[in-house]
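The chain contents come next:
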Amino acid sequence: MLEELGRPWEAARESVLRAERGGPRQRAVGAGRKPKLVFVDRLLVTLVHLRHGLPHAVLAELFDVDRSTVSAAVRQVRPLLAARGFAVPDRPGLRLKTLADVFAYAEAEGVELRLDGAETQVRRPQAARPGRRAFVSGKRRQNTITTTTFSDGQGCMVLSGVVRPGRVHDQTAVRSEGIAEQFRQHPRVKAKVDSGYQGLAKEFPRQVSAPPKKPKDDACDGDKYAWREARRRQSSARICVEHTNAELRQWAPLRRFTGRRATYAETHLAIASLISDRAAKRPTQRRTSTELVFARDTAC
């Protein structure tokens, strides 16, 4: 990670310094005032802040620097982590960054996607602020921000984002990102969803699988048993994406976000990219499309 983020951080820093100077540097490289935190420490400060949600003042005491230095370090490193994308199993160096990347990967590798939405409580907007009610979740009755997570059948996160205010429905959020167009462009991609995406399953019945509707009260016992069994099987196939969302809640900022809502999307992407790195290293049982197959095996 040091090698991956070191050069972009140095390039961004030189760009800012050049803009402040108004031209190229006049002294040799290495001259002038030295930064109070080297890049390794800046990365460590950001990771600790993202993992445990420690205030900047506490981190400043731990690293013996001013609070503004810690705030600047987090502002510099966090967007670099958010822009990394999501790692995938058995593909070192490959990272998915957009919804189009996810569908292209799923079609090429034969991956069946799982979708699930999650809500994170945020601070209530100030009174009389425009759009204040947009963050009030109809399900939790709190001020939240909604995100959508995509995973494969083994719980490896391939995308997490689609950030919207809590009042926006899960299906509306993914439709605004163009998921319907992606299903049309990739007809072989299939997905399992929960009951919140019934409209998507109705539009793409051969690609999207949602839980069956509950039978009426006067239905026979056989229909009710079949419905419970189908729902159980659907939930069992989708439990992996629930576990993926649970991994996000292990990081303190995503349990209850106390920072500015404008920085939530960047914070979520930074944490999700780190989780995808760990998930991609787990052993998988899926064969990749580039795996060699002996000719005698295909002739049988």
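Structure first, text after, so check above.
Values in this document were obtained by computation on a predicted structure and should not be read as measured data.

Colleague: Tell me about unusual backbone geometry, and name the residues and values.
Modeller: Note: most residues except glycine have negative phi, and most peptide bonds are trans. A positive phi angle, close to 55°, is found at Asp 64, a residue other than glycine. Among the secondary structure elements, Asp 64 is positioned in the loop between α3 (56–63) and α4 (67–82). Of note, the phi angle at Asp 90 is positive, near 60°, even though the residue is not glycine. Tracing the chain through its elements places Asp 90 in the loop between β1 (86–87) and β2 (95–96).

Colleague: Describe the side chain of Gln 171, listing the residues and the values that go with them.
Modeller: Within the element layout of this structure, Gln 171 appears in helix α6 (residues 170–176). Exposure remark for Gln 171: the relative accessible area of 15% places this residue in the buried category. Residues within four places of Gln 171 in sequence aside, it is in contact with Gly 196, Tyr 197, Gln 198, Gly 199 and Leu 200.

Colleague: If you had to explain the packing of α4 against helix α10 (residues 264–280) to someone new, which residues and values would you point to?
Modeller: Contact geometry for α4 and α10: axes closest at 7 Å, N-to-C directions at 60°. With respect to their mutual orientation, α4 and α10 come out oblique. Seen from above, α4 lies across α10 with left-handed handedness. Residues Arg 78, Pro 79, Leu 81 and Ala 82 of α4 form the contact with α10, whose participating residues are Glu 266, Thr 267, Leu 269, Ala 270, Ser 273 and Leu 274. Within the contact of α4 with α10, the residues separate by chemical class into six nonpolar, two polar and two charged.

Colleague: So, the nonpolar core: which residues are in play, and what are the values?
Modeller: Nonpolar side chains in soluble globular proteins tend to end up buried together. The biggest cluster of nonpolar side chains holds 52 residues, and the ones touching the most others in it are Leu 81, Leu 113, Phe 150, Val 158, Ile 179 and Phe 183. The element best represented in this core is α10, accounting for six residues. Other than its neighbours up to four places away in sequence, Ile 179 contacts Leu 99, Phe 103, Leu 115, Phe 150, Val 174 and Leu 200. Among the nonpolar cores identified, the runner-up in size contains seven residues, and Ala 60, Val 65, Val 70 and Val 74 belong to it.

Colleague: Go over helix α9 (residues 221–248) with me, naming the residues and quoting the values.
Modeller: Look at α9: 40 Å from first C-alpha to last across 28 residues, which is about the 40 Å you get at 1.5 Å a residue. Those residues of α9 that sit buried are Trp 227, Gln 234, Ala 237, Arg 238, Cys 240, Val 241, Thr 244, Asn 245, Glu 247 and Leu 248. At its buried positions, α9 is contacted by β3 (113–121), β4 (144–151), β5 (157–165), β6 (191–192), β7 (208–209) and α10.

Colleague: Break down the packing of aromatic side chains for me, with residues and values.
Modeller: Given two aromatic rings, one states the distance between the centres and the angle between the planes to describe the pair. Counted according to the given criterion, the structure contains four aromatic pairs. A ring pair is formed by Phe 257 and Tyr 264, whose centres lie 5.2 Å apart and whose planes are at 85°; its orientation type is edge-to-face. Pair check on accessibility: Phe 257 and Tyr 264 agree, each one buried. Through a chain of ring-to-ring contacts, the aromatic side chains of Phe 103, Phe 183 and Phe 204 assemble into a single cluster.

Colleague: Before we move on, can you summarise the sheet that holds β4 with the specific residues and values?
Modeller: Here we have five strands laid out as an open sheet, ordered β5-β4-β3-β6-β7, and mixed in their pairing. The open sheet has two edge strands, β5 and β7, and neither has a second partner. Where helix α5 (residues 99–109) meets the sheet, its contacts fall on β3, β4 and β5, and the angle it forms with β5 comes to roughly 150°. Packed onto the sheet, α9 meets β3, β4, β5, β6 and β7 and runs at close to 40° relative to β3.

Colleague: Describe the pairing of β5, listing the residues and the values that go with them.
Modeller: For β4 and β5, the ladder comprises six bridges, and the chain directions are antiparallel. Pairing of Thr 149 across the sheet is with Ser 160, part of β5.

Colleague: I'd like to hear about the pattern of salt bridges, residue by residue, with values.
Modeller: Inspection of the entire model under this criterion finds 19 salt bridges. In this structure, Glu 109 engages Arg 91 in a salt bridge whose closest nitrogen and oxygen atoms are separated by 2.8 Å. In this pair, Glu 109 sits in helix α5 while Arg 91 sits in the loop between β1 and β2, placing the two residues 18 residues apart along the sequence. Taken as a pair, Glu 109 and Arg 91 share a single burial class, namely buried.

Rules used throughout
- Every chain is numbered independently, its residues counted from 1 as its sequence is written.
- Only residues with pLDDT of at least 70 get local features here, since the model is predicted, and only at 80 or more are side-chain atom pairs given and counted; chain-wide, interface and lining totals rely on the full set of residues.
- Heavy atoms from the whole structure form the basis of all side-chain values; hydrogens and water molecules are not counted.
- Numbering of helices and strands starts at the N terminus; helices are DSSP runs of H or I of at least 4 residues and strands are runs of E of at least 2.
- Summary of the burial criterion: residues with accessible area below 20% of their type's maximum are buried, those above 50% are exposed, and those between are partly exposed, where the area comes from a 1.4 Å probe applied to protein chains only.
- Contacts were defined at the residue level, with two residues in contact if any of their heavy atoms lie within 4.5 Å.
- To obtain each axis, a line is fitted to C-alpha atoms, and for helices this fit is confined to the stretch in contact; angles are then taken between N-to-C directions over 0 to 180 degrees.
- An angle below 35 degrees is read as roughly parallel, one above 145 as roughly antiparallel, one from 65 to 115 as roughly perpendicular, and any other as oblique.
- Throughout, a crossing is termed right-handed when the near helix is turned clockwise from the far one, and left-handed when it is turned anticlockwise from it by less than a right angle.
- In this classification, the charged set is Asp, Glu, Lys and Arg, the nonpolar set is Ala, Val, Leu, Ile, Met, Phe, Trp, Tyr, Cys and Pro, and all remaining amino acids, among them Gly, are polar.
- As used in this record, nonpolar core signifies buried Ala, Val, Leu, Ile, Met, Phe, Trp, Tyr and Cys residues forming a set joined through side-chain atoms within 4.5 Å.
- Take the residue count of a helix, subtract one, and multiply by 1.5 Å to get its expected span.
- Note on aromatic pairs: the rings of Phe, Tyr and Trp (six-membered ring only in Trp) are paired at centre separations within 6.5 Å, and the planes decide the class, stacked below 30 degrees, edge-to-face beyond 60, tilted for the rest.
- Any two strands with at least two DSSP bridges between them are considered paired.
- Salt bridge, as used here: a side-chain nitrogen of Lys or Arg that lies within 4 Å of a carboxyl oxygen of Asp or Glu.

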